[in-house]
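# What the coordinates show
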Amino acid sequence: NLPTEERLAPLELKPELGSFDAGSINLGDSVFINSPEFLESAAAKMKTLGVKPELEIFDLGMIVTCLRMKNQGKLAEPLHFQFVLGTPWGAPATPKSLLHLHQHIPPDSTWSVIGIGKGHLPMSMMGLIMGGHIRIGMEDNIYYSRGVLAKTNAQFVERIVRIAGEYGRDVATPDEARRILSLA
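To keep things clear, this report deals only with the structure shown in the data block. On a predicted model such as this, the values are computed, not experimentally measured, just so you know.

The rules we used
- In this numbering scheme, every chain counts its residues from 1 along its sequence in written order.
- pLDDT decides what is reported in this predicted model: residues at 70 or higher carry local features, side-chain atom pairs at 80 or more are listed and counted, and totals for whole chains, interfaces and linings draw on all residues regardless.
- Remark: hydrogens and water are excluded; side-chain values derive from all non-hydrogen atoms of the structure.
- What makes a salt bridge here is a side-chain nitrogen of Lys or Arg within 4 Å of a carboxyl oxygen of Asp or Glu, nothing more.
- Buried residues are those whose accessible area, probed at 1.4 Å on protein chains only, stays under 20% of the maximum for their type, while exposed residues exceed 50% and partly exposed ones sit between those limits.
- Secondary structure is summarised from DSSP: a helix means a run of H or I of at least four residues, a strand means a run of E of at least two, and numbering begins at the N terminus for each.
- Should DSSP find at least two bridges between two strands, the strands are regarded as paired.
- By definition, the crossover connecting two strands over a helix is right-handed if that path, from the first strand to the second, turns clockwise as seen with the strands pointing away from the viewer.
- In what follows, a contact means two residues having at least one pair of non-hydrogen atoms within 4.5 Å.
- Fitted lines through C-alpha atoms serve as axes, helices being fitted only where they are in contact, and the angles separating the N-to-C directions of these axes extend from 0 to 180 degrees.
- Helix crossings fall into two classes, left-handed where the near helix is turned counterclockwise from the far one by less than a right angle and right-handed where it is turned clockwise.
- We call Asp, Glu, Lys and Arg charged. Ala, Val, Leu, Ile, Met, Phe, Trp, Tyr, Cys and Pro are nonpolar, and the rest, Gly among them, are polar.
- When we speak of the arc, we mean the arc of directions from the helix axis to the C-beta atoms.
- Joining through side-chain atoms within 4.5 Å is the link that ties buried Ala, Val, Leu, Ile, Met, Phe, Trp, Tyr and Cys residues into a set, and such a set is a nonpolar core.

### Some details on the pattern of salt bridges
Scanning the entire structure with this criterion turns up six salt bridges. Among the ionic pairs, Arg 135 bridges to Asp 140, the shortest N-O distance being 2.7 Å. Arg 135 sits in the partly exposed class, given a relative accessible area of 22%. Residue Asp 140 is classed as buried on the basis of its relative accessible area, which comes to 8%. Each of Glu 16, Asp 175 and Arg 178 takes part in a single network of salt bridges with overlapping partners.

Structural data, given as structure tokens:
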């Protein structure tokens, strides 16, 4: 693990939104450690620099952590949750998991979903029908369809835009996305 200062250094670039992994989780043979002290440092630095935390949620306990930090004034509302489903050691990429996590966030929150690997398209569809937002791309899944490697991230984007259009959901422009996410 890198020292806290090194892990938080990219925030100095002042992105509009920054990952806030809301707890520790097993990843393969190692542990991705996000101690309470680290989370408090990250929240404070994000608040100081005006970076909105994207609350990365791998299981229900991470929501509990974020709500506690919100109640302590360390995370500002409205919160934005990113449900990361389908990692081998986190919540599975199933409709039941997404519905369960969604039930525990404040009603004024925004949220999006990631389906890792084979959960990519099913979780995208759940996000679409539930009125949430969708994260797609080759960081989360390298297959466009069963056994077919994706060539570009654009393939994933084009598919979701097409499906959203068929469903009657417009894709947000960058300015609309900033308003939806309450970014400065």
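Having seen it, we continue.
### So, the pairing of strand S5 (residues 80–85)
In terms of burial, S5 is largely enclosed, as six of its six residues are buried. Every second residue of S5 is oriented toward a common face, with His 80, Gln 82 and Val 84 on one face and Phe 81, Phe 83 and Leu 85 on the other, all of them buried. In the sheet, strand S4 (residues 52–57) pairs with S5 via four bridges, with the strands oriented parallel. Across the sheet, Leu 55 pairs through a bridge with Phe 81, a residue of S5. Regarding topology, helix H3 (residues 60–71) serves as the crossover connection from S4 to the parallel S5, and that connection is right-handed. Relative to strand S6 (residues 110–115), S5 runs parallel, the two being bridged by six bridges.

### Examining the sheet that holds strand S1 (residues 17–21)
Here we have five strands laid out as an open sheet, ordered S1-S4-S5-S6-S7, and parallel in their pairing. The open sheet has two edge strands, S1 and strand S7 (133–134), and neither has a second partner. Across the face of the sheet, helix H2 (residues 36–49) comes into contact with S1 and S4 while running at roughly 165° to S1. Of the strands in this sheet, S4, S5 and S6 are in contact with helix H4 (residues 95–102), which crosses S5 at around 155°.

### Here we look at the packing of helix H5 (residues 120–130) against helix H6 (residues 153–167)
Viewed as axis vectors pointing N to C, H5 and H6 meet at an angle of 35°, and their least axial separation amounts to 11 Å. Helix-helix and strand crossings are classified by hand; for H5 and H6 the assignment is right-handed. Taking contact as the criterion, the partners of His 120, Leu 121, Ser 124, Met 125, Leu 128 and Ile 129 in H5 are, on H6, Phe 156, Arg 159, Ile 160, Ile 163, Ala 164 and Tyr 167. Across the contact of H5 with H6, the residue classes tally to nine nonpolar, two polar and one charged.

### Observations concerning H4
For H4, the full list of buried residues reads Ser 97, Leu 98 and Leu 101. The buried residues of H4 occupy an angular sector of 95° when projected down its axis, which confines them to one face.

### Overview of the nonpolar core
If you look at the biggest cluster of nonpolar residues, it comprises 34 residues, and the most contacted ones within it are Phe 20, Ile 57, Phe 81 and Phe 83. Mapped onto this core, the elements with two or more residues apiece are H2, S4, H3, S5, H4, S6 and H5. The dominant element in this core, judged by the number of residues it contributes, is H2, at six residues. Phe 83 has contacts with Ile 57, Ile 63, Leu 98, Leu 101, His 102, Ile 105, Trp 111, Ser 112, Val 113 and Ile 114, leaving out every residue within four places of it along the chain.

### With respect to unusual backbone geometry
Omega for the peptide link from Glu 77 to Pro 78 comes to -5°, which places this bond in the cis form. Mapped onto the secondary structure, Pro 78 falls in the loop between H3 and S5. If you check the backbone angles, Lys 14 has positive phi at about 55° while not being a glycine. Looking at the secondary structure, you find Lys 14 in the loop between helix H1 (4–8) and S1. With phi around 55°, Ser 182 is a residue other than glycine that occupies positive phi space. Accessibility expressed as a relative area gives 39% for Ser 182, which makes it partly exposed.

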